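Geometric and topological summary
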Amino acid sequence: MRNESFNRLHTIQFLMIVMLLLANFGASSQAQSYVPVRNDTRMRVAPAAPLQAYAFDLSDVTLLDGSPFRKAMENDAAYLLQLEPERLLHRFYKNAGLPTKGEVYGGWESEGLSGHTAGHYLSACAMMYAATGNGEFKRRVDLIVDELERCQIARKTGYIGAIPNEDTLFARVSRGDIKSSGFDLNGGWSPWYTVHKLMAGLVDARLYCGNQKALMLAQGMADWTDRTIGTLTNEQRLRMLNCEYGGMNDVLANIYAITGEKRYLDLSKKFHDEFVLGQLAKRIDPMPGKHSNTNVPKAIGTARRYELTNSPEDSSIASFFWETMVHNHTYVIGGNSSYEYCGDAGKLSDRLSDNTCETCNTYNMLKLTRHLFCRRPSRELADYYERAVYNHILASQNPADGMMCYFVPLRMGTKKVFSDRFNTFTCCVGSGMENHSKYAESIYCEGADGGIFINLFIPSELRWKRRNIVLRQETRFPEQDTVSVTLAMESAQSFPVYFRNPRWAYDGVQLKVNGRVISPRRDSSGYLVVDREWNNGDRIEAVMPMSLHTECMPDNPNRIAFLYGPIVLAAQLGVTIPDPVFGTPVLLTDNRTVTDWLKPVADRPLTFALREVGQPVNPVFQPFYATNDQYYSVYFDYFTPAQWRNRQQDYEAEKKRQKEIEDHTIDHFRIGEMQPERDHHLQASEQSYVDAALGRSGREARRDHFFSFEMKVLPGEKNILLLTYLGDDKDRKFDLVVEGSLIATVEWKGGKSNTFYDVEYPLPADVLVGKEKITVRIEANHGKTAGRIFGCRTMR
């Protein structure tokens, strides 16, 4: 009775406060999401496609205390305020011939991708202003826009940038002189990617902060883009698009929507390739061997264009891309890729590494999911969104200091690595700044029929302006399985409430309205529908029983992960590195009943202990998003006792071999991947190409061509060079040259299909004298292709 009285008093106090808010609905600023808001007067182009749901303005939803998302947002806000805008603008000033106002930051901001962080920072500050109302974020947005205007005026072309040698490389593009090897365009590191980030930040400054000048700057860059690529032939344009170009199609479509000027829509279509988007249009999965985050933004652009044009092809591309990525290339946490690349469809079991799940990929997959949800709401889309936002995005931030993961590793016995505050600035630091500012985006959507979708169970308050309603969601999910939603309004209104019936609620969701159990209608989208007249103070209560369950790899039923409801669990393996043979547990039992394996730990929510089936240890499990400072395993290999006896020797021998390689490794170069090739100063002639097999990237050089790279060595010790080849490659012959000396003429005859081979080459002592680094050169001097080489190590 005491609790009932307290709850009733709490509700009355809430409703009194809300009624005051209702009288002032028009006073707050608006913020545009990446997907359409209903009847948005700031958009001159209304959606042409039939949409079934609309986003709410980010400023209409407030996160409440009591969830890890509110804490993550506060951590992110604190970090954003530590950064100095003038330092992010250092190379913009320098390239415009203006005096700099602060030293350039480290990491990628001091390298070829310089300038991308400023675009992300604009977006993050703009969204943080919308989400919190803190005027300091708007002040920073306005300051950066003013300074970028100075740079644009000084350059006199409409362009604004911070990329090294940008004038030269784009001038060559405009003449049709285009050379690209995937991430390199005329010597620049994915320059259109960086251009997109800045343009997107400027558009966000306009839409979230109302800065009209920011839109004018973005239009200037769009006009410069049109002049730069407008005369390219189709062959030249497609050659240019071989290099990562970010979401140029998306931002140009958004500029079209805001301005109504069709030339920007036409320009968007020039950033449309055939080798990925053309394949998707034919419902062919092009992603095996492809760089994931190069391609997710392309699909976002097609989804946005579909909304604005009702193009069937754009619609098909966007939906099929989502389907193939989620069903064929996604791990249990909702992320995808290993070392940034996708492997063969449905083959993930042998692709667990320290570099799984690049965070940018999921940042973009969530954007795509929101677009698709508004087109056709479904439980499948919302379930994926929940899985990814809890288990990847939230899990990618260190709650102690707000720093972020580039990769979220899933190798057994691994540990997360977080960014440095001022000396990293990778792509995932940039997208990470945005990730934790916009958790409120998809909690609710407005139905085209006037109803409301309750998608995520996060404590929050929605100010539904069109209906003059305040909706308050109170919950301690996922620690508890109950949700309470209270409606405050001035007069009764009739509309449907769509409550997600998550797939993980195997025992069904129980709904109550004002304390009475109801039997809601179940619609084809997987939502429970309560359609009635609602009155001030009405309360919806939901009980969503969560249970333990497992999810196996699509290609290996005996490699599994544990979940409780939608929450991925991780085994806590301690703060010291587990021995890869004897320290990483496996499951050893004939019993496949997960509730017999894991038991709740008393007084510790979402914490479970493995009982008896672990070999060699029985660890404690807790949510993956709460695992930050110790080693862990998410996936486990399952063996019956008979299987274990048959396989233990081979299993442990291979793990021991890998451990010995790691223990003796001085330097490890993943050839064919963007950042490692830059770190190892790769040089390549024109006919040296990156190619992939079995989910790993490699590089080859065609006849009379070469590639070279640097590797660390230990002078004074015996050093070995280890190269990795593929059995499918046959009849290859090439020279292996180190520091100008021929080490070996390699004749690779091939081997077993779908098998990698490690071959060792002792390094002569005389090539190591006085050296801490050596230059390794692969030369195709024998009339045949050199490589493919799928990895290189120097070892003791």
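In what follows, the structure referred to is the one given above.
In this text, all values refer to a predicted model and were calculated from it rather than measured experimentally.

Looking now at the overall build of the chain. When helices and strands are counted, the chain shows 21 helices and 37 strands. Over its C-alpha trace the chain gives a radius of gyration of 27 Å, about what one expects of a compact globule, namely 28 Å for 796 residues. A principal-axis box enclosing the C-alpha atoms of the chain has dimensions of 85 × 70 × 50 Å. Taken across its 796 residues, the chain has 62% of its residues classed as buried. Here the contacts in the chain between residues at least 6 apart in sequence split such that 72% fall between residues at least 24 apart. For the chain, the centre of its 94 positive side-chain charges and the centre of its 97 negative side-chain charges are spaced 2 Å apart.

This part takes up the environment of Leu722. Positionally, Leu722 belongs in strand β31 (residues 720-726). With relative accessibility at 3%, the residue Leu722 sits in the buried group. In this structure the C-alpha to C-alpha distance between Leu722 and Arg793, which are 71 residues apart in sequence, comes to 5.0 Å. For Leu722, the contacting residues outside a window of four places in its chain are Asp758, Val759, Glu760, Gly791, Cys792, Arg793 and Met795.

All chains considered together, the criterion is met by 51 salt bridges. Measuring nitrogen to oxygen at the nearest pair gives 2.9 Å for the salt bridge that ties Arg411 to Asp354. Of this pair, Arg411 sits in the loop between α17 (379-393) and α18 (427-435) while Asp354 is found in the loop between α15 (312-328) and α16 (359-375), placing the two residues 57 residues apart along the sequence. Taken together, the salt bridges that share partners define one network made up of Glu700, Arg702, Asp729, Arg732 and Arg788.

Moving on, we come to the packing of aromatic side chains. One pass over the structure, following the stated rule, counts 41 aromatic pairs. Ring plane angle 20° and centroid distance 4.5 Å describe the contact between Tyr406 and Phe407, whose orientation is recorded as stacked. Given the relative accessible area of 14%, Tyr406 is considered buried. In this structure an aromatic cluster arises from ring pairing among Phe69, Tyr390, Tyr439, Phe457, Phe477, Phe499, Trp504 and Tyr625. Positioned above the aromatic ring of Trp534 is the side chain of Arg532, whose terminal nitrogen or guanidinium carbon lies 4.9 Å from the ring centre. Stacked on the ring of Tyr638, the Lys or Arg Arg592 has its end atom at 3.6 Å from the ring centre.

This paragraph deals with the side chain of Ser114. As for its placement among the helices and strands, Ser114 is situated in the loop between α4 (90-95) and α5 (116-132). Owing to a relative accessible area of 1%, Ser114 belongs among the buried residues under this scheme. Of note is the side chain of Ser114, whose polar atom sits 3.4 Å from the backbone oxygen of Ala162. Non-local contacts of Ser114, meaning those with residues more than four positions away in its chain, are made with Arg91, Trp108, Glu109, Ala162, Ile163 and Thr194.

It is worth spelling out the pairing of strand β7 (residues 460-464) at this point. Here β7 lies mainly inside the structure; five of its five residues are buried. With burial as the criterion, each face of β7 is covered, one bearing Ser460, Leu462 and Trp464 and the other bearing Glu461 and Arg463. Relative to β7, strand β2 (residues 61-63) is paired through three bridges, and the arrangement is antiparallel. From the neighbouring strand, Leu63 faces β7, where its bridge partner is Ser460. Here β7 pairs with strand β8 (residues 469-475) via five bridges, running antiparallel. When the bridges of β8 are listed, Trp464 appears paired with Ile469. Hairpin connection, β7 to β8: the antiparallel pair is bridged by four residues, and Asn468 has positive phi, about 60°.

So, about helix α20 (residues 641-664). Over its 24 residues, α20 runs 33 Å from end to end, which matches the ideal 34 Å to within 8%, given 1.5 Å per residue. Those residues of α20 that sit buried are Trp644, Tyr651, Glu652, Lys655 and Ile661.

Here we take up the packing of α16 against α18. Each packed pair of helices is defined by two parameters, the angle between the axes and the distance between the axes. The interhelical angle for the contact between α16 and α18, taken along N-to-C directions, is 40°, at an axis separation of 8 Å. Relative to α18, α16 is oriented oblique. Crossing hand, α16 versus α18: left-handed. Between α16 and α18, the contacting residues are Thr359, Cys360 and Tyr363 on the first element and Cys427, Cys428, Ser431, Glu434 and Asn435 on the second.

Now for the packing of helix α11 (residues 248-259) against helix α12 (residues 262-270). Two elements in contact, α11 and α12, have axes whose closest approach is 8 Å; the angle formed by their N-to-C orientations is 170°. The angle between α11 and α12 falls in the class roughly antiparallel. Crossing handedness for the pair α11 and α12: left-handed. Residue-level contacts link Asn249, Leu252, Ala253, Ile255, Tyr256 and Thr259 of α11 to Lys262, Tyr264, Leu265, Leu267 and Ser268 of α12. Residues belonging to the contact of α11 with α12 are distributed by class as follows: seven nonpolar, three polar and one charged.

Taken in spatial order, the five strands of this open sheet run β27-β30-β35-β32-β33, and their pairing is antiparallel. The two strands at the open ends of the sheet, each matched to only one other strand, are β27 (683-684) and β33 (741-748). Relative to strand β30 (residues 706-712), β27 runs antiparallel, the two sharing two bridges. Residue pairing across strands places Gln683 opposite Ser708, the latter belonging to β30.

Procedures and definitions
- Residues numbered from 1 in each chain as written.
- Predicted model: local features only at pLDDT ≥ 70, side-chain atom pairs only at ≥ 80, totals over all residues.
- Heavy atoms only, no water.
- Helix = DSSP H or I, 4+ residues; strand = E, 2+ residues; numbered from the N terminus.
- Rg over C-alpha atoms; globule rule 2.2 N^0.38 Å.
- Buried < 20%, exposed > 50% of the residue type's maximum accessible area, 1.4 Å probe, protein only.
- Contact = heavy atoms within 4.5 Å.
- Lys, Arg positive; Asp, Glu negative; His and termini not counted.
- Charge placed at Lys NZ, Arg CZ, Asp CG, Glu CD.
- Salt bridge = Lys/Arg side-chain N within 4 Å of Asp/Glu carboxyl O.
- Phe/Tyr/Trp six-rings, centres within 6.5 Å; stacked < 30°, edge-to-face > 60°.
- Lys NZ or Arg CZ within 6 Å of the ring centre and 35° of its normal.
- Polar contact = N/O pair within 3.5 Å; in protein donor to acceptor, adjacent residues only side chain to side chain.
- Pairing = 2+ DSSP bridges.
- Expected span 1.5 Å × (residues − 1).
- Axes fitted to C-alpha atoms, helices over the stretch in contact; angles between N-to-C directions.
- Parallel < 35°, antiparallel > 145°, perpendicular 65-115°, else oblique.
- Left-handed = near helix turned anticlockwise from the far one by under 90°.
- Nonpolar A, V, L, I, M, F, W, Y, C, P; charged D, E, K, R; others polar.

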